[in-house]
Amino acid sequence: MSEQIKKYSYYFLIITIILAGFLLRLNLLSDNPSFWFDESALGYNVLSLSFFRFFGILHLQQVAPPLFLAAAKIFVNTFGSGDLILRLFPFVVGNLSIILFFFILKEYFSDRPTIISGLLLFCFNIQLLKYSAEFKPYVVEMFSTCLILYIFKKINFEHSYKKLFAIGCTLAILPWFSFVSAVLITIAYLITFSKKNLKKWFISFLPFFVSAIFMSIYYLKIKFFYSEFMSDFFVNDFFTLKEFPAQLCIGFSYLFSVNNAFIPLLLFLCGTICCFVDKKQIFLRKFSLFSFITFVFLSFLKIYIFHNRFIIFLFPIILMMNLIIIEKFYLLKNIYTKILTFMYVIFLLFPTLIYIQKIHNENFTKKSCARELTEEMFSRIKPDDIIIVDTLSTPDFLYYEKYYKFRNKVLMNIEEKNGIVLYKTNRNEKFPINKDSFYWFYSPWSSRPNDNIKYDYRKDCKHGGKIMYINGGEQ
């Protein structure tokens, strides 16, 4: 009877954690804050381009997986356009990832306290919470990592050719939702390479290999088009030998939302080192270690930045390595070790508790007022007024102009290249001011000082940024 109670209590706790994670994500989504300029830039592409053009160069220096954009456009075509609708796909994926991660934990661990701890740390991770309610592909990239962990745990090269080919086709589609998954899948296939079942391994690998060739051609085309911009914009975010330890700790601090990331980093390294000693969980350990080393190496080569939101996809494998050590501590008979391990889990959850209290007391925000300021300007603007758009606010204006149909003359610091709209990073361009005209200065993203400008009306955003109504004759 007690075993039945334990079993039902365990699954009740699991369902409660998943439901709580869903409600938290739903709360963030329902707050529906204004898009910030990266979201606006992607949103502009979704609303402006056809499905086919997602597989080409995007507007506004954006690079995003084509099928991620296509999925968002399907939601728009089905439910109508809007900030909330565009965020629905990441929201759905973010919630599905919780369920998928629970099944991953069941595949890799048998100890229930470890599974519960892992699900808590995954479900209530602050970065995964936030990016489940943001129109960016980072939570989809994280989901792709989870899917790879699950598929390669279940894959068996004794399966039929037909089943292995179907698995290969599934993996072949994944990089078009998540670019980084192409590297991770390659690593996974190399780890599982089998001379004994070479033909079946190859049948499974072939669809992905063909997809990867097309992906490489597509990505090189984008990189060539945006190479100068991408190199300049992210120049300070690549690893350097001098700053490597500090940069690595910053990355782990971001993923776990703690000031001191030494313990999560240490446990990750211990978990991966164990793969040379302990043959248990050998795929997980090799996959985690090689994936981590690969992306560190790519950062040193200035190919991929190992920084903040760009490494969220690594969180599942870093957490799994922590859980390998946590499980070992939980299984020890020493009660004090169990208590210390439980306290470590609480330590990692503590930032989330503070974050939950914060979003309970105030609305979730991306520190942008672009939508509110655009609406305010639209309600006040006169037919002859001219709009001046600050450079960094260009994506915001282009996106929200899709909803607020301005018929005014607009001055923007942009250029076109092969039909692609680009915004200039040089913000010093000045537009001629006619003394007989009235202007709206639109700058919801930028808080650039304009102390020398006289205005008849001004509205500020508490996060920075503003709109101003200017009489050209007074300048």
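Residues numbered from 1 in each chain as written. Predicted model: local features only at pLDDT ≥ 70, side-chain atom pairs only at ≥ 80, totals over all residues. Heavy atoms only, no water.

> Describe in detail the layout of surface pockets, supporting the description with residues and values.
Its volume calculated, the second largest pocket comes out at about 690 Å³. In this structure, the second largest pocket is lined by 25 residues; those nearest its centre are F364, T365, K366, K367 and H463. Of all the secondary structure elements, the ones that give two or more residues to the lining of the second largest pocket are α7 (126-131), α16 (335-361) and α17 (370-380). Considering every element that reaches the lining of the second largest pocket, the biggest residue donor is α16, with three residues. (1 Å grid on protein atoms, 1.4 Å probe; cavity = no way out; pocket = protein on both sides within 12 Å on 5 of 7 lines; lining within 4 Å. Points joined across faces, edges and corners; volume = space filled by probe spheres on them. Helix = DSSP H or I, 4+ residues; strand = E, 2+ residues; numbered from the N terminus.)

> I'd like a rundown of the state of the cysteines, residues and numbers included.
Following the criterion strictly, the structure yields one disulfide and no others. Shown here is the disulfide that connects C369 with C461, its sulfur atoms set 2.0 Å apart. With the S-S dihedral at roughly 60°, the linkage between C369 and C461 falls on the right-handed side. Of this pair, C369 sits in the loop between α16 and α17 while C461 sits in the loop between β6 (457-460) and β7 (466-471); the two residues are 92 residues apart in sequence, bridging distant segments of the chain. Here C369 falls in the buried class, since its relative accessible area comes to 13%. The closest cysteine sulfur to the non-disulfide-bonded C123 is located on C146, 12 Å from its own sulfur. By relative accessible area, which is 0% here, C123 ends up buried. (Disulfide = S-S within 2.5 Å. Buried < 20%, exposed > 50% of the residue type's maximum accessible area, 1.4 Å probe, protein only.)

> I'd like to hear about the side chain of N471, residue by residue, with values.
Counting through the fold element by element, N471 comes out in strand β7. Discounting chain neighbours no more than four positions away, the residues touching N471 are K435, S437, F438 and D456. (Contact = heavy atoms within 4.5 Å.)

> Please set out the side chain of T145 residue by residue, giving values where relevant.
Following the sequence through the fold, T145 ends up in helix α8 (residues 138-154). Among the polar contacts listed, one links the side chain of T145 to the backbone oxygen of F313, at a separation of 2.8 Å. Excluding residues within four positions of it along the chain, T145 makes contact with L184, F313, P316 and I317. (Polar contact = N/O pair within 3.5 Å; in protein donor to acceptor, adjacent residues only side chain to side chain.)

> Quick one: what's the story with the packing of aromatic side chains, residue by residue and with numbers?
Summed over all chains, the structure comprises 53 aromatic pairs. Ring geometry for F89 and F177: centres 6.3 Å apart, planes at 40°, overall tilted. You can see F89 sitting in helix α5 (residues 88-108) and its partner F177 sitting in the loop between α9 (161-173) and α10 (180-191), a full 88 residues away along the chain. On the basis of relative accessible area, F89 is assigned to the buried category, the value being 12%. Taking the relative accessible area as the measure of exposure, F177 reaches 23% and is therefore partly exposed. Residues Y131 and Y138 carry aromatic rings whose centres are separated by 5.4 Å and whose planes lie at 85° to one another, so their mutual orientation is edge-to-face. For Y131, a relative accessible area of 8% gives the class buried. (Phe/Tyr/Trp six-rings, centres within 6.5 Å; stacked < 30°, edge-to-face > 60°.)

> Which residues make up the pairing of strand β2 (residues 409-412), and what values do they have?
Alignment of strand β1 (residues 386-389) against β2, held across four bridges, turns out to be parallel. Its bridge partner lying in β2, I387 is registered against V410. On the question of chirality, the crossover connecting β1 to the parallel β2 by way of helix α18 (residues 394-400) is right-handed. (Pairing = 2+ DSSP bridges. Right-handed = clockwise from strand over helix to strand, strands pointing away.)

> I'd love a proper account of the environment of S50, names of residues and values included.
Along the chain, S50 turns up in the loop between α2 (37-48) and α3 (66-79). Separated by 20 residues in the primary sequence, S50 and A70 place their C-alpha atoms 8.7 Å from one another.

> Describe the packing of α2 against α3, with residues and values.
It is the contact of α2 with α3, at a shortest axis distance of 10 Å, that shows an interaxial angle of 65°. Judged by the inter-axis angle, α2 sits roughly perpendicular to α3. Considering how the two elements wind past one another, α2 and α3 form a crossing that is right-handed. Residue-level inspection shows L42, V46 and L47 of α2 in contact with α3, the latter providing F68, L69, A72, K73 and V76. Here the contact of α2 with α3 is built from residues that sort into seven nonpolar, no polar and one charged. (Axes fitted to C-alpha atoms, helices over the stretch in contact; angles between N-to-C directions. Parallel < 35°, antiparallel > 145°, perpendicular 65-115°, else oblique. Left-handed = near helix turned anticlockwise from the far one by under 90°. Nonpolar A, V, L, I, M, F, W, Y, C, P; charged D, E, K, R; others polar.)

> Could you give me a rundown of the sheet that holds β7, with the residues and numbers involved?
Within a sheet, adjacent strands bond to each other through the backbone by hydrogen bonds, running parallel or antiparallel. Taken together, five strands build an open sheet; the order of strands is β2-β1-β5-β7-β6 and the sheet is mixed. At either end of the open sheet lies a strand with only one pairing partner, and these are β2 and β6. Averaged over all neighbouring strand pairs, the angle between strand axes comes to 20°, with direction disregarded. Packed on one face of the sheet, α17 meets β1, β5 (438-443), β6 and β7 and runs near 170° to β5.

> Before we move on, could you go through α3 and cite the residues and values that matter?
Relative to the 20 Å expected for 14 residues at 1.5 Å per residue, α3 spans 20 Å between its end C-alpha atoms, a close match to the ideal helical length. All buried positions along α3 are accounted for by P66, F68, L69, A70, A71, A72, K73, F75 and V76. (Expected span 1.5 Å × (residues − 1).)

> Explain the packing of helix α1 (residues 2-31) against α16 residue by residue, including any values.
At their nearest, the axes of α1 and α16 sit 11 Å apart, and the two run at 40° to each other. Comparing the axis directions of α1 and α16 gives the class oblique. Crossing hand, α1 versus α16: left-handed. Note on element contacts: α16 touches α1 through Y355, I356 and I359, opposite L24, N27 and L28. Residues that form the contact of α1 with α16 fall into these classes: five nonpolar, one polar and no charged.

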